[in-house]
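In case you want the letters, here they are:
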Amino acid sequence: MTGATERVSLDLANGAPFPEDLWAEAVYSRRAIPDTLATGHPAPGHADDAEHDPLPQGARLPLAPPPLQLAPPRDARASLADPATLAALLHYSYGLLQHDATPGGWPLHRAVASARCRYPSELTLIAPTATFRFDPLHHQLVALPRLLTRDQECGPGDSRFAVISSRFARTARLYGAYAPRLCAQEAGMLLGAVCLVAAALGLRTHAGLDRDMLYGLCAGRLPRGEHPMGYVEFLPATRTPTPPAWLPPDLASALRARHSGAALFDPDPAPAPHAFLSDAAAALASAPFADFSCHLLLQRVAGHAPGHYVHSDGHFQQVGDGDPLVSLEQIGQTEGRVSMNFRATACTAYIAVRRATAVARYGADAFRRLHLSAGAAAHLLCVAAARHGLSARIHNGYDAARAEHLLGLAPGEETVLFQVAIGAARPGAAFRLPVVF
Ligand SMILES: Cc1cc2nc3c(=O)[nH]c(=O)nc-3n(C[C@H](O)[C@H](O)[C@H](O)COP(=O)(O)O)c2cc1C
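Everything numeric in this text was worked out from a predicted model, so none of it was measured.

Scoring rules and cut-offs
Residues numbered from 1 in each chain as written. Predicted model: local features only at pLDDT ≥ 70, side-chain atom pairs only at ≥ 80, totals over all residues. Heavy atoms only, no water. Buried < 20%, exposed > 50% of the residue type's maximum accessible area, 1.4 Å probe, protein only. Helix = DSSP H or I, 4+ residues; strand = E, 2+ residues; numbered from the N terminus. Pairing = 2+ DSSP bridges. Core = buried A, V, L, I, M, F, W, Y, C linked by side-chain atoms within 4.5 Å. Domains from an automatic or database assignment. Contact = heavy atoms within 4.5 Å. Near = heavy atom within 4 Å. Polar contact = N/O pair within 3.5 Å; in protein donor to acceptor, adjacent residues only side chain to side chain. Nonpolar A, V, L, I, M, F, W, Y, C, P; charged D, E, K, R; others polar. Expected span 1.5 Å × (residues − 1). Salt bridge = Lys/Arg side-chain N within 4 Å of Asp/Glu carboxyl O. Phe/Tyr/Trp six-rings, centres within 6.5 Å; stacked < 30°, edge-to-face > 60°.

Student: Sorry, what's going on with the pairing of strand E16 (residues 390-394) here?
Tutor: A regular strand places its side chains so that they alternate between the two faces of the sheet. Burial analysis of E16 places five of its five residues in the buried class, which makes it a mostly covered element. The alternating pattern of E16 places Leu 390, Ala 392 and Ile 394 on one face and Ser 391 and Arg 393 on the opposite face, and all of these are buried. Here E16 runs beside strand E17 (residues 414-424); their pairing, made up of five bridges, is antiparallel. Note that in E17 the partner of Leu 390 across the bridge is Ala 424.

As structure tokens, this is what we get:
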């Protein structure tokens, strides 16, 4: 790492806002990725995980077994005070859902995708006089002890906020100074996951990006080395809200089945079902934030002509026709080679944001905000894919400048933050088992 990138990591670990040069280093260039990525070994000078990344300490509170289905309670208003609702919210947002028993693979898979399964995000529930950290590996909550007040009356059911924070060091051990980008992307996906699962359970939420509010919620509450990323507020239940129409009744099974495909994304070149497109569009329309656009280069979705589609108001409109393979392979490159088998994908989504406008308005904080907005939308796309039995692969091997050009984004204004390739799952070498608590 250079001195500049070391400084970036240090500033971020201390909770400073994202420096603006991260845009150039992390979005437009992959130079920041060190050799440790190829070897899988920690970067020199980084201690191992156990020493620097201990499990949270404090009284452990077991959670109820997560229900197999997600639905609002039949005869009461949805509330976190209901043990089944609390357990379902945490488990299906960021819980441990699959165990991959393949030798040499990444064994533990959670409800959201994570670059090389590093899972740098943390989910913390904040009640008026207590703070609880979710421990997905044990399906428990941990009461963060030094934060308890003397008269601790609150339990997790009294939580008013879920805060998402990120331990950049966990990802930096493999990815060096590229970690903040990956962590910001994952934090957004987790925020999308919490809002989605809450909606399915009938909980009313407000997803928050406001930095002052976020830092206020986190002040004195987060362990050292964690960067505040975003929050979800649980609103008082006035009436049980209707979950978004696109949500399948079997959402829990779609979440349990969600996956990113094999190590090299090489799906079965079979068409995706017709309804995938309308579901994906409806999912994007229900995203917690609207400040993104989604372009789809579509090759094979039953009943839809190949071409370039753009999301607008819950629908995909076709804006260009013809097989997009050449564009896909020009955009989706990792250091000069094509990142995935785009000859077999059903479609690839690009989630873009108005970067210049956001930087003018929010300065360095635009990086966090926009990655959260785009990440929440990206997770919804992955879930819509899983619902139709498709794999969805977030892949950062893309050329952002070429994507801007080929997708016709506003020059100097719009930037692609997520490339999500979608295709029919092909049986692979991996052997994934569901995890049951
Ligand atoms: C922010 C982010 C970036 C990722 N970037 C890449 C990538 O560049 N290349 C790749 O092959 N996979 C990438 N992935 C996919 C992860 O490796 C994958 O999600 C992880 O192996 C977990 O698999 P699962 O989602 O099936 O549980 C990325 C995932 C995330 C969340």
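Student: I would appreciate a short explanation of the nonpolar core in the present structure.
Tutor: A general trend in soluble globular proteins is that nonpolar side chains are found buried together. Core analysis: the largest hydrophobic core is formed by 122 residues, its most contacted members being Leu 70 and Val 420. Shared between two domains, this core holds at least three residues of each, these being domain 1 (3-44 + 57-234) and domain 2 (258-431). The residues touching Val 420, leaving out its near neighbours within four places in the chain, are Cys 347, Thr 348, Ala 349, Ala 378, Leu 381, Cys 382, Ala 392, Arg 393 and Ile 394.

Student: Sorry, what's going on with the site of the ligand here?
Tutor: Taken together, 19 residues are adjacent to the ligand, and His 109, Arg 258, Ser 260, Arg 393 and Arg 432 come closest. Contact distances for the ligand include 3.0 Å between a nitrogen atom and a backbone N or O atom of Ile 394. Within the side chain of Arg 432, an N or O atom sits 2.8 Å from an oxygen atom of the ligand. When residues of the shell around the ligand are traced back to their parent elements, those giving at least two are helix H7 (179-201) and E16. The biggest single contributor to the shell around the ligand is H7, with three residues. Residue classes in the shell around the ligand are distributed as seven nonpolar, eight polar and four charged. Three or more residues apiece are contributed to the shell around the ligand by two domains, here domain 1 (3-44 + 57-234) and domain 2 (258-431).

Student: Where do I start with helix H13 (residues 366-387) in this structure?
Tutor: Three- or four-residue spacings in an α-helix give side chains the same orientation, since the helix completes a turn every 3.6 residues. The terminal C-alpha atoms of H13, which comprises 22 residues, lie 32 Å apart, in line with the 32 Å expected from a rise of 1.5 Å per residue. Within H13, 21 of the 22 residues are buried, which leaves it mostly tucked inside the rest of the structure. Positive phi shows up at Gly 389, right after H13, with a value of about 75 degrees.

Student: Could you clarify how one ought to interpret the pattern of salt bridges in this entry?
Tutor: Following the criterion strictly, the structure yields 11 salt bridges and no others. Between Arg 60 and Asp 135 there is a salt bridge, with the nearest N and O atoms lying 2.7 Å from each other. With Arg 60 in strand E1 (residues 59-62) and Asp 135 in strand E5 (residues 130-135), the pair connects residues that are 75 residues apart, well separated along the chain. For Asp 135, a relative accessible area of 3% translates into the label buried. With a shortest N-O distance of 2.9 Å, Glu 329 and Arg 343 are connected by a salt bridge. One end of the pair, Glu 329, is in helix H11 (residues 325-331); the other, Arg 343, is in the loop between strand E14 (337-338) and strand E15 (347-354), with 14 residues separating them in the sequence. Judged by its relative accessible area of 52%, Arg 343 is exposed. Overlapping salt bridges, with partners in common, bring together Glu 122, Arg 133, Arg 167, Arg 170 and Glu 226 in one network.

Student: Can you help me understand the packing of aromatic side chains in this one?
Tutor: For any pair of aromatic rings, the description rests on two quantities: the centre-to-centre distance and the angle between the ring planes. Tallying each qualifying case throughout the model produces six aromatic pairs. Relative to Phe 367, the ring of Phe 18 has its centre 5.0 Å away and its plane inclined at 35 degrees; by these criteria the two rings are tilted. Taken together, the residues Phe 18 in the loop between helix H1 (3-13) and helix H2 (21-27) and Phe 367 in helix H13 connect sequence positions 349 residues apart. Note on Phe 161 and Tyr 231: the rings are 6.2 Å apart at their centroids and 70 degrees apart in plane angle, and the pair reads as edge-to-face. Of the two residues, Phe 161 is situated in strand E7 (residues 161-166) and Tyr 231 in strand E9 (residues 227-234); the sequence distance between them amounts to 70 residues. Among the aromatic residues, those joined into a cluster by ring pairs are Phe 18, Trp 23, Phe 168 and Phe 367.

Spatial relationships are all this shows, so hold off on functional conclusions.
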